[in-house]
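# Fold and contact review
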Amino acid sequence: MLSGYAKSGCIKEARELFHAVKDRNFNVVSWTIMIGMLSDAGCLSEALSLFQKMQYLGIAPDCVTILKVLSLCTDSNASVLALQIHTRIIKSAFGCNLTILNTLIDAYCKCGLTELAFAVFEEIEQRDSVTYNALLSGYFKEGNYLNAFALFKHMLKTCTCPTDFTFSSILNSATGLADPGVGAQLHCQIIKSNFTWDVYINNSLLDFYSKINYVHHTRKLFDEMLAKDHVSYNVMISSYSRNGLAKQALELFQEMQLLSIDHKDYPYPSLLSVAGSLSNRDLGKQIHARVVLLGMASSNLTSNGLINMYSTCGYLSCADLIFRQYTDKSTTSWTAFITGCVQNGLYEEALKLFGEMRKTGLDPDTSTFCIVLKACSSLALISLGEQLHSCILRSGYLSSVFAGSSLVDTYAKCGLLEYAKKMFDEMIEKNIVSWNALICAYAQNGKGKKAIEMFERMVTLGLKPESVSFLSVLNACSHSGLVEEGLNYFNSMTSIYNITPRKDHYACIIYMLGRVGRFDKVEQLLDQIPFEPDPIIWSSILNSCKIHGNYELGKIAADKLFCLEPKDAGHFVIMSNIYAKNGKWDEVARIKKLMRDRGIKKEPAYSWVEINRQVHMFSSNDMKHSRIVEIKAYLDELSVEMEKEGYKADVTSDLHLVGDETKVKSLRYHSERLAIAFAFLSTENGIIRVMKNLRTCDDCHVAIKVMSKVVGREIVVRDSSRFHHFKDGVCSCGDYW
DNA sequence: TTAGGGTTAG
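Everything numeric here is computed off the predicted structure, so don't read it as measured data. (Residues numbered from 1 in each chain as written. Chains lettered and ligands numbered in written order. Predicted model: local features only at pLDDT ≥ 70, side-chain atom pairs only at ≥ 80, totals over all residues. Heavy atoms only, no water.)

## Section: the overall build of chain A
Looking only at helices and strands, one finds 40 helices and six strands in chain A. The principal-axis extent of the C-alpha atoms belonging to chain A is close to 105 × 55 × 50 Å. The buried share of chain A, taken over its 737 residues, is 49%. Only carbon and sulfur atoms are counted for the fraction: they give 54% of the accessible area of chain A, which is about 35,700 Å². Side chains of chain A give 78 positive and 78 negative charges; the mean places of these two sets differ by 2 Å. (Helix = DSSP H or I, 4+ residues; strand = E, 2+ residues; numbered from the N terminus. Buried < 20%, exposed > 50% of the residue type's maximum accessible area, 1.4 Å probe, protein only. Areas by Shrake-Rupley, 256 points an atom, 1.4 Å probe, with all protein chains shown as cover. Lys, Arg positive; Asp, Glu negative; His and termini not counted. Charge placed at Lys NZ, Arg CZ, Asp CG, Glu CD.)

## Quick word on the protein's contact with DNA strand B
Neighbouring residues of DNA strand B: 43 residues in total, closest N133, N203, N234, Y266 and N431. Among all atoms of DNA strand B positioned within 4 Å of the protein, those belonging to sugar or phosphate total 39%. In the environment of DNA strand B, a base oxygen lies 3.2 Å from a nitrogen or oxygen atom belonging to the side chain of N304. Along the lines of polarity and charge, the residues of the surface near DNA strand B split into eleven nonpolar, 23 polar and nine charged. (Near = heavy atom within 4 Å. Polar contact = N/O pair within 3.5 Å; in protein donor to acceptor, adjacent residues only side chain to side chain. Nonpolar A, V, L, I, M, F, W, Y, C, P; charged D, E, K, R; others polar.)

## Description of helix α26 (residues 417-426)
All of the buried residues in α26 are L417, A420, M423 and F424. Along the axis of α26, the buried residues cluster in a sector spanning 125°; they form a single face. Away from the buried face of α26 by more than 90 degrees, exposed residues E418 and K422 are located. Those residues of α26 that are buried lie in contact with α24 (382-395), α25 (401-413) and α27 (432-444). (Arc of directions from axis to C-beta. Contact = heavy atoms within 4.5 Å.)

## Details of helix α31 (residues 503-515)
Its 13 residues place the ends of α31 18 Å apart at the C-alpha level, agreeing with the 18 Å of an ideal helix rising 1.5 Å per residue. Across the 13 residues of α31, eleven count as buried, placing the element largely inside the fold. Among all positions of α31, only H505, Y506, A507, C508, I509, I510, Y511, M512, L513, G514 and R515 are buried. In this structure, the buried side of α31 is in contact with α29 (467-480), α30 (483-495), α32 (519-528) and α33 (535-548). (Expected span 1.5 Å × (residues − 1).)

## Quick word on the confidence of the model for chain A
Scored by pLDDT, chain A comes out at a mean of 89, with 98% of its residues at no less than 70. Mean pLDDT in chain A bottoms out at helix α1 (residues 2-8), which sits at 77, and peaks at helix α9 (residues 129-141), which reaches 96. (pLDDT = per-residue confidence, 0-100.)

## Some words on the sheet that holds strand β1 (residues 606-611)
Spatially, β2-β1-β3-β4-β5-β6 is the arrangement adopted by the six strands of the open sheet, whose pairing is mixed. Of all strands in the sheet, those with a lone pairing partner are β2 (614-619) and β6 (730-731), marking the two edges. Two elements, β1 and strand β3 (residues 688-692), share three bridges in a ladder whose sense is antiparallel. Each bridged residue has a counterpart across the sheet, and for S607 the counterpart in β3 is K692. (Pairing = 2+ DSSP bridges.)

## Section: the environment of E552
Mapped onto the elements of the fold, E552 is located in helix α34 (residues 551-564). Measuring from C-alpha to C-alpha, the distance between E552 and I578 comes to 9.9 Å, with 26 residues separating the pair along the chain.

## Remarks on the packing of helix α37 (residues 628-644) against helix α40 (residues 698-711)
Where α37 contacts α40, the axes come no closer than 10 Å and their chain directions differ by 85°. As summarised for this structure, α37 and α40 are arranged roughly perpendicular, according to the angle between their axes. Here Y634, L635, L638, E641 and M642 of α37 lie close against α40, whose contacting residues are A703, V706, M707, V710 and V711. Broken down by class, the residue content of the contact of α37 with α40 amounts to nine nonpolar, no polar and one charged. (Axes fitted to C-alpha atoms, helices over the stretch in contact; angles between N-to-C directions. Parallel < 35°, antiparallel > 145°, perpendicular 65-115°, else oblique.)

## A closer look at the UniProt feature "repeat: PPR" (unreviewed entry) in chain A
Residues annotated by UniProt as "repeat: PPR" (unreviewed entry) correspond here to residues 27-61, 97-127, 128-162, 229-263, 330-364, 400-430, 431-465 and 568-602. For residues 330-364, the end-to-end C-alpha separation is 10 Å, with 74% helix and 0% strand making up the annotated structure. Counted over residues 400-430, helix gives 74% and strand 0%. Its end C-alpha atoms are 9 Å apart. (UniProt positions renumbered as here; feature names shortened; annotations may be inferred.)

Structure below.
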């Protein structure tokens, strides 16, 4: 009767029958059937306790029972049971049963005990492919890809024939290694072994090409596959999503639906990522509605995808709602929402959330550390960066190429170039992103030649520069006036590396040319750009026109910007500066009126400095700081010394219609000078590091140079575009910025 | 008795 219930899946009736009859009246077959039924129904703990009861009653399990129970050992909680069964196997005749020993290896691997699995492996004299396959899969799951390959070689050496399972497993380890050469060799072996028909193997191969971002190879294989299943489609969609090919991902999803391929919930996180990358909230909402209808909205991955999609589309309140309602938050959920805050510029909020997450007892992973470091570097919080560095070290993530690259970037953005270089040198594994971070660090700190040197070294080492690498090296050339080098790199993007320059590359090269006054070349490039110039490009032109007083071209750029970004005060201010430099005061007044009429207000400038792990924020002509009277008095005193060194306030840079004396005071109390003065008063020695939200003005640049000489301290200022290192009256930018 | 796919981070 019990086997009848088992065949028809009537677990309730089987359970009632089993409890109604006295335990001892059942034989080992009945116990095994009941254990099997419970495990098939997902009642693992009930199945395991039944097995323990069976042992307590002295009923000896047979081969089928052992195999059934071993298959239940799938996590670390069941490892004790696996050990108990192992002991029983050793004492019994099962010690010679290869099927049982193979299953034991598999059970140990699933419990994360690969060392014990290997011990069993070594005890077996006559191993078969399954023995190897089970251990190969274990090594992959624990991320021990090198051990997997050593075992694979051993398998071939001992003439154990690789099967479809073998190739599928070893391909997963190849994906883990992300080594194109290794994958290509395996691909050849698969063709030679006539396994090209196998959908499992092809899906693993597809995943390999997808994860190493060989999109064309992935698509080619996908098209050549004789049989495809839902996994093939999911891998292809995620590949498109990861590589920013939104259109292709959506088309494939439509094809999947037309062909009625069962897609379960797998493609939705990728599709949400696509909607996020397109900033297409309507598409995101459609996907959201779909997952709600399918009852999948509460799944961990889908919820995280939704949080990410809404925050990337700028709807942080929707992301917040989903995040707060979500009860089973994981590290990834927190990371997704923290990422949302950082993407929307809410750095303090992101750091607060990180603190909340720690309080829940969840451990951050490399992704969490990377995004929190980004928040930290955006605020240039040096001491927090150092604390995070030690947290990463303690968590064992310091060897991660992601965490290491983030730390290089953070130290560089906090102005600690030496620390950034040291971090880079100590990284065990370096990839293109690590090199990009280092090149960018030198570029931002005005070390153009060093940035170029690093770029060349990277190329010599065989790394192929990517779009971001060129952006960094072009920035370096631009900040250091290395025009010919910059042009060469720009041209090499298409001629050597087959990389199409993006708008930001054009903006960079245009600024570089404009900065040295090569407006003929700027206008020539403007005609060549294969797209409509965007505000970044026009504002690059406007900035260089300001430096050279080119008001004809400046006016064209400004008119474009007034239409494209009518609310951005920065453009109006720069244009009025250009008019002021050319003595066109009527135009200055016209712009001021335009700003008034349109209700445009200049973004308030503020600077901050960290003293004793506390951040002190200053606005221009600050009135709020508790020591502001003392700070201003100090600057008044200092100005006497500064004037002796030749400093004279440039009153023409202040466009307010007030007297010169008021202008001098207004310049003297600019936010960065208040922050520097506060640092002088609060510390006796050491480098002063000040951050500013906007670009520092010409007069402050002159003043801070003189300050560094008069006070005899080194001052580092990070403004919105780069670093200035002031020492002994000189700035590292060589007044070229 | 052994195998696969999705989100977030630089």
